[in-house]
Amino acid sequence: MRIYQESDYEAMSRRAANLISAEVIRNPACVLGLATGSTPVGTYKQLAVWSQKGDFSFKEVTTVNLDEYKGLAPTHDQSYRYFMQANFFDHIDIDAAKTHIPDGLAADPGAECARYDELIRSLGYADLQLLGLGHNGHIGFNEPCDNFVKATHVIDLAESTIAANARFFSSADDVPRQALTMGIGCIMAARRVLLIASGADKADAVYNAFCGPITPFCPASILQLHNDMVLVGDKAALSKL
Ligand code: GLP
């Protein structure tokens, strides 16, 4: 595992954007696994600035996002499709047809999960998978539980996740109770995993993920077994390592 400790959020975002752009420059038709949440916003902003300057292009890149809230339309301003458009896709030259996110409105969510898994498999899995980290150690929406779930699945969100994400909604009651999330299988099948973390409130989660036991009660801990794991964090988030 490689660790980059950066001074602050801006530097963390720049480092992560550097690693992602290096992947795109090396392989312009790469598959990027992407994440939502507040942590990657700066990374996406930096990538957009550099690609607008003409340093590299996303034209041939395919993206697969980790997750989507069940029941939210792509036009809902808290859906992850909306987030990706607003924070990244609308600012780069990516082909819309090559951007993939689970369909939160699918009539048969189980079938949608199976379709999504097959899609990622048919793409040959992600060349680089970007991840944020939940306070409880979740990655994507793989919440702590007593076993690692391999396939894309529908998950009941943990109370702590609902509380953490309530800041984006008018109230906690408006946060969807379920989501569709890529499972541990596709995440671990990515050739490289890049986890980013920022802020003192993530320090325990980072410690538990990378220094604690490998257990599904801290889903990110399985990343200790990935052979190309890159952790980029600011000082505060890495302070307990
Ligand atoms: C969300 C997302 C995760 C994200 C995490 C942390 O619930 N499903 O993909 O990594 O929570 O979010 P943030 O970066 O806002 O702390």
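Residues numbered from 1 in each chain as written. Predicted model: local features only at pLDDT ≥ 70, side-chain atom pairs only at ≥ 80, totals over all residues.

Peer 1: Can you help me understand the confidence of the model for the protein in this one?
Peer 2: For any part of a model where pLDDT is low, the fine detail of the predicted coordinates should not be relied upon. Confidence along the protein averages 97 in pLDDT terms, with 100% of residues attaining 70 or more. Confidence metrics for the complex model read pTM 0.97 and ipTM 0.96. (pLDDT = per-residue confidence, 0-100.)

Peer 1: Is there a simple way to think about the UniProt feature "active site" (unreviewed entry) in the protein in this case?
Peer 2: In this numbering, the UniProt entry assigns the feature "active site" (unreviewed entry) to D67, N136, H138 and E143. For D67, the position within the fold is in strand β4 (residues 67–69). With residues near it in sequence (within four places) discarded, D67 still touches Y80, P102, G140, F141, A179, L180, T181 and M182. Inspection of the secondary structure assignment puts H138 in the loop between β6 (128–131) and β7 (153–156). Since 25 C-beta atoms lie within 10 Å of it, H138 is described here as buried. (UniProt positions renumbered as here; feature names shortened; annotations may be inferred. Helix = DSSP H or I, 4+ residues; strand = E, 2+ residues; numbered from the N terminus. Contact = placed C-beta atoms within 7 Å. Buried ≥ 20, exposed ≤ 12 C-beta atoms within 10 Å, placed from the backbone.)

Peer 1: In this structure, what is going on with helix α3 (residues 80–87)? I would like to understand it.
Peer 2: Residues spaced three or four apart along an α-helix face the same direction, because each turn holds 3.6 residues. Listing the buried residues of α3 in full gives Y80, R81, F83 and M84. Around the axis of α3, the buried residues are gathered within 160° of arc, so they sit on the same side. Lining the buried residues of α3 we find β2 (31–34), β3 (62–65), β4 and β5 (99–100). (Arc of directions from axis to C-beta.)

Peer 1: Explanation requested: unusual backbone geometry in the structure shown.
Peer 2: Excluding glycine, most residues fall at negative phi; most peptide bonds, likewise, are trans. Unlike most non-glycine residues, Y125 shows phi in positive territory, near 70°. Looking at the element boundaries, Y125 is found in the loop between α4 (109–122) and β6.

Peer 1: Would you mind going over the nonpolar core with me for this structure?
Peer 2: It is characteristic of soluble globular proteins that their nonpolar side chains tend to be buried jointly. I20, L131, L133, L194, L195, V206 and A209 are the most contacted members of the largest nonpolar core, which has 60 residues in total. Of the residues forming this core, the biggest block, 6 residues, is contributed by helix α1 (residues 9–26). Apart from residues no more than four positions distant in its own chain, L131 is found in contact with A35, I139, V193, L194 and L195. (Core = buried A, V, L, I, M, F, W, Y, C linked by C-beta atoms within 7 Å.)

Peer 1: What is the right way to look at the sheet that holds strand β9 (residues 192–197) in this model?
Peer 2: Strand pairing in a sheet is mediated by backbone hydrogen bonds. Such pairs are either parallel or antiparallel. Here 7 strands make up an open sheet; going across it, the order is β1-β10-β9-β6-β2-β3-β5 and the pairing parallel. In this open sheet, the two edge strands, each paired with only one partner strand, are β1 (2–6) and β5. Of the pairings in the sheet, the one linking β1 to strand β10 (residues 229–234) comprises 5 bridges and is parallel in character. Bridge pairing in β10 places I3 opposite L231. On the sheet, α1 packs against β1, β2, β6, β9 and β10 and is oriented at approximately 155° with respect to β10. (Pairing = 2+ DSSP bridges. Axes fitted to C-alpha atoms, helices over the stretch in contact; angles between N-to-C directions.)

Peer 1: Help me out: how do you make sense of the UniProt feature "domain: Glucosamine/galactosamine-6-phosphate isomerase" (unreviewed entry) in the protein in this one?
Peer 2: Within this structure's numbering, the places UniProt gives as "domain: Glucosamine/galactosamine-6-phosphate isomerase" (unreviewed entry) are residues 10–226. Between the end C-alpha atoms of residues 10–226 the distance is 26 Å, and the span holds 34% helix and 14% strand.

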